[in-house]
Structures are given as C-alpha cells and as structure tokens.
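Remarks on the overall topology
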Amino acid sequence: MMDFELDEKRTSVVVDLAALSHNLRELKKNLPESAKLAAVVKANAYGHGAVEVSRTAVESGADLLCFATVGEAREVIQAGEKAPMLVMGAPMSDSLTDIVDYGIRQCVFLPLHVLALQKIAEEKNTEALVHVKIDTGMNRLGVKTEAEFEALLATLIRCDRVTFEGMFTHFAVSDETDKAFSRAQAELFERFYQMALEKGFSPIRHACNSGAIIDMPEYAYDFVRAGIAMYGCYPSNEVFKERVNLKPVMSIYSHIAHIKTVLTGESISYGRTFIAEESMRVATVPIGYGDGFNRLLSNRGEMLVHGKRARILGRVCMDMTMIDVTDIDEAKIGDVVTVMGEDGGERISADDMADICGTISYEILLSFTPRLPRVYIHG
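Residues numbered from 1 in each chain as written. Predicted model: local features only at pLDDT ≥ 70, side-chain atom pairs only at ≥ 80, totals over all residues. Heavy atoms only, no water.

**Concerning the overall build of the chain**
Heads up, the condition is: Secondary structure follows DSSP: runs of H or I at least 4 residues long count as helices, runs of E at least 2 residues long count as strands, and numbering of each begins at the N terminus. Between buried and exposed lies partly exposed: a residue is buried under 20% and exposed over 50% of the maximum accessible area for its type, with that area taken using a 1.4 Å probe on protein chains only. Here, Shrake-Rupley sampling with a 1.4 Å probe gives the accessible areas, and only protein chains in the shown set may cover a residue. The sign given to each residue is positive for Lys and Arg and negative for Asp and Glu; His and the chain ends receive no count. By convention, the charge on Lys lies at NZ, on Arg at CZ, on Asp at CG and on Glu at CD.
Along the backbone of the chain there are eleven helices and 20 strands. Put simply, the chain has 379 residues, and 55% of those count as buried. A total accessible area of about 16,400 Å² is found for the chain, and carbon and sulfur atoms account for 49% of it. In the chain, 40 side chains carry a positive charge and 54 a negative one; their mean positions are 2 Å apart.

Quick look at the structure:
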C-alpha cells in the first residue's frame, strides 16, 4: 500500500510516475537500439492524466506523443509540452488549422485530407506534416488497396506544402500466440513502403503496439507505439511476459466511511441481491459506478483492508459500495481501503477486475471518472 495523503477524504486515483518511467525503460530494452519510442497518451493517457504522463514520458525517453484527437494534443501543448505529436485519428475539418499552427503530425489516408492541409499550409505560408495510415488487416482506418495508395501518393507529389514524414499500420492480433496474421500484415506493410520509395519518398515507419513491442521487436522499424504496456498492464496473457518487467502505474485508494452490523436474514444494497446467512460486520466504502467502479463487480469483486481481502456485498451503488470486514477485526472507520493496487502482499489488479467484468484492462483503467482526483507520486 502506498504511503500518501488523499487529496480529499473520499477516493483517489494514485498515479506512480516512477513506475511509468520504469515501464518505458523496460520496453526500450527489448527493442533494437535504432528504434525510437512513441508514447500513446490518448484518452487522457488511458485515464492516468495526459499532461503529467506526457511530461514524464518525454523525460523518460519518449520521442513522440500519440493522440486520438487534436483536442487531446492541444491540451498537452497548452500545458507547455513541446515534444513532437501525432494525431492518429481521422482528420476533422474544424481541427486542421490547429494541426498546421501547432505543427502536429496528422494521420491521413485520403487525397482530400492532403488537399485540405495543403490549402491551409499555403494560406499560412508553412508546411503540414502527415503520417499515412495503411490498413493491413484491422479494417478500421487507412489506405487499403494499392490503387488507393497510388492516388494518395500522386496527391502528395502535387502538394508541396504537405510533408510525407511517416507511414504506419496497426497489428490486430500481435498479443496472440499465433503470429501468422501479424507477419502477413507486416509483409503487406512492406509492399506499400516499397511503393512510397519508388515515388521518391522515404517516410519513417511504425507498426508495433504493446504486443508487438514485447513479442515481435524485429518489426520495430523506426518507431514503436507503447500503449497499455506503458501503464503497467500486459496486452494479454499470451505475450512473453518474461521479456519485460512491468509495474502497474495506477492504484485506487478509498477509506471506510461507516461500519455496521448486519444480522442474519438482512439484505444489503439495491435489489436485495445479498442476504446475510449469519451476523456480519459490513463496511461502506465511498466509491461507486458514478466514479467508474464497474457495477459488474457487485457480489463478485473484492477490496483490500489491512492487507486482507474483503468481498463486495450486494450491488455497487452510484457513490458507495459495501464490503465484508467480518474477519478483519482491526478494520475501523477511516481506514484506507485499496480498491485497486497492492496492500500487505495482496494485490487487486486491473486485469483481475477485467476478468470479473468480462472486459479488458484498458477499459478498467479508462473507466475511473474525473470525480476521482489524480494524485501523482514518484515511487
């Protein structure tokens, strides 16, 4: 359990920036020396806080920051960060001016994207930097056929204010044991790259996400994009975890707001889904689904009190959750409750919570709302 003061006497998200730095170092150790690292800080840095995480990532050796939207990048820029940035989402007409003004790299995959950026760059007598997205199997965004790429390259040749700086793709199943599909994606990506070279371009390349950084570093190219692994979670249980030693960056701490005795036959929470079979000590913890604590943890999840596991009783409420402290004699009002994290050798991880909820660690980390203050520590 971390030694810290909560910002308010309720519940806080604790973000360990030293663990973040450690994870970035671990990931870089698994890569060729020539490969640079991009930190994926989209979606408020997976819920950890984009400004603080971006700053720490750059200080720890990240050469590029990746976002989903221009608004996300703008927030970090306005906080004073000057590192190169890439927006990986589709360009939007109302954000193109900021792309050019701030010198943000923008994902493009249609000629109209390039033409729109060319027009604004001409008006401002400057350049626009683009990274072309190649769809090699995700069927999400990107150039899919050679004919489409030919048209895009022709447009790039005509648009002298648009600099074709990079090209990238995204592995769909790099975190699975069978790498056949991922290798096929890499082969297709190479064909598109050769087309770019034949037209006189020499873009930097990036394809590796967290799964590929761990399991397929031979495809590191010029850059890799570290997402979930940067935050201390492995992308799946199928990756070769022994290659990188990751530390969780996020923990959630609350406290016991109340303790009461629930008698045999009495129920707990909405819907009376839990009925006490014997007399119990029940603690109320001020965190609920209004804070992003998943309601699917009702009657199934656990929290830690004094390093001991306390099961959740009844349905998770909007602002509160009840836990069983019958066998934790020392539990008292005001005690720290570890909602996610480590205490006394016991740990509740984002993966543990995800398994119960039938989802992935990404969603668990992203779910905790701004109502929970972020407390930043360094180890």
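**Structural notes on a negative patch on the surface**
Selection criterion: Each patch is built from salt-bridge-free residues with over 30% relative accessible area, joining like charges within 9 Å and nonpolar side chains (Val, Leu, Ile, Met, Phe, Trp, Tyr) within 5 Å. Note on definitions: salt bridges are taken to be side-chain nitrogens of Lys or Arg within 4 Å of carboxyl oxygens of Asp or Glu.
A cluster of acidic residues, E277, E278, D327 and D329, forms a negative patch on the protein surface. Residue position: D327 is located in the loop between β17 (321–324) and β18 (336–343). Residue classification places D327 among the exposed positions, given a relative accessible area of 70%.

**Re the environment of I356**
Just so we agree on the cut-off: Contacts were defined at the residue level, with two residues in contact if any of their heavy atoms lie within 4.5 Å.
Positionally, I356 belongs in helix α10 (residues 350–357). Residue I356 is classed as partly exposed on the basis of its relative accessible area, which comes to 23%. Measuring from C-alpha to C-alpha, the distance between I356 and G307 comes to 21 Å, with 49 residues separating the pair along the chain. Those residues in contact with I356, other than ones at most four positions away along the chain, are L296, L297, R300 and G301.

**Here we look at the packing of helix α6 (residues 111–123) against helix α7 (residues 146–158)**
Stated formally: Lines fitted to C-alpha atoms define the axes here, with helix axes fitted over just the stretch in contact, and angles between the N-to-C directions of these axes take values from 0 to 180 degrees. Orientation categories follow fixed angle ranges, with anything under 35 degrees roughly parallel, anything over 145 roughly antiparallel, 65 to 115 roughly perpendicular, and all other angles oblique. Crossings are sorted by hand: turned counterclockwise from the far helix by less than a right angle, the near helix makes the crossing left-handed, and turned clockwise it makes it right-handed. Residue polarity follows a fixed list, in which Ala, Val, Leu, Ile, Met, Phe, Trp, Tyr, Cys and Pro are nonpolar, Asp, Glu, Lys and Arg are charged, and the others, Gly among them, are polar.
Between α6 and α7, the shortest axis-to-axis distance is 9 Å and the interhelical angle comes to 15°. Relative to α7, α6 is oriented roughly parallel. Of the two possible hands of crossing, α6 and α7 adopt the one that is right-handed. In this structure, α6 uses P111, V114 and L115 to contact α7, whose residues at the interface are A151, L152, T155, L156 and R158. Within the contact of α6 with α7, the residues separate by chemical class into six nonpolar, one polar and one charged.

**Here we look at the pattern of salt bridges**
Under the defined criterion, the tally for this structure stands at 20 salt bridges. The shortest N-O distance in the salt bridge between E26 and K29 comes to 2.8 Å. Here E26 and its partner K29 are both found in helix α1 (residues 17–29), three residues apart, which amounts to about one turn of the helix. We classify E26 as buried; its relative accessible area is 11%. A residue is classified by how much of its surface remains accessible, and K29, at 63% relative accessible area, is exposed. The partner of E150 in a salt bridge is K199, with the nearest N and O atoms 3.8 Å apart. A residue pair is termed long-range when its members are at least 10 positions apart, and E150 in helix α7 and K199 in the loop between α8 (180–198) and β8 (204–206) qualify at 49 residues. We classify E150 as partly exposed; its relative accessible area is 36%. Since its relative accessible area comes to 42%, K199 is described here as partly exposed.

**Details of the side chain of H22**
Its place among the elements puts H22 in helix α1. The residues contacting H22, other than those within four sequence positions of it, are N245 and K247.

**Thoughts on the packing of α1 against helix α3 (residues 50–59)**
Direction vectors running N to C along α1 and α3 enclose 45°, while the axes themselves pass 10 Å from each other. As summarised for this structure, α1 and α3 are arranged oblique, according to the angle between their axes. Crossing hand, α1 versus α3: right-handed. Packed against α1, whose contacting residues are L17, L20, S21 and L24, the element α3 presents E52, V53, T56 and A57 at the interface. Classifying every residue of the contact of α1 with α3 by side-chain character gives five nonpolar, two polar and one charged.

**Here we look at unusual backbone geometry**
Phi is positive for N44, which is not a glycine, with a value near 55°. Residue position: N44 is located in helix α2 (residues 42–46). The phi dihedral of H306 falls on the positive side, at around 55°, and the residue is not glycine. Residue placement: H306 occurs in the loop between β15 (302–305) and β16 (308–313). For H306, a relative accessible area of 36% corresponds to the partly exposed category.

**With respect to the state of the cysteines**
The line we're drawing: Note that a disulfide, as used here, is simply two cysteine sulfur atoms within 2.5 Å.
Enumeration according to the criterion identifies zero disulfides in this entry. Of the cysteine sulfurs around C66, a residue in no disulfide, the closest is that of C107, at 11 Å. Unpaired in this structure, C159 has its nearest cysteine sulfur neighbour in C107, at a distance of 16 Å.

**A short note on the packing of aromatic side chains**
Applicable threshold: Aromatic rings from Phe, Tyr and Trp, with only the six-membered ring used for Trp, were paired whenever their centres fell within 6.5 Å, and each pair was classed as stacked if the ring planes differed by under 30 degrees, edge-to-face if by over 60, and tilted otherwise.
Under the defined criterion, the tally for this structure stands at seven aromatic pairs. Pairing Y46 with Y231 gives two aromatic rings, centres 4.7 Å apart and planes at 25°, and the pair type is stacked. Here the residue Y46 occupies a position in helix α2, and Y231 occupies one in the loop between β9 (223–226) and β10 (250–255), the gap between them amounting to 185 residues. For the pair shown, Y46 and Y231 are each scored as buried. Between Y219 and Y221, the aromatic rings sit 6.4 Å apart at their centres with planes inclined by 55°, giving tilted as the arrangement. In this pair, the class of Y219 matches that of Y221, namely buried. Grouped by ring-pair contacts, the aromatic residues F171, F189, Y219 and Y221 constitute a single cluster.

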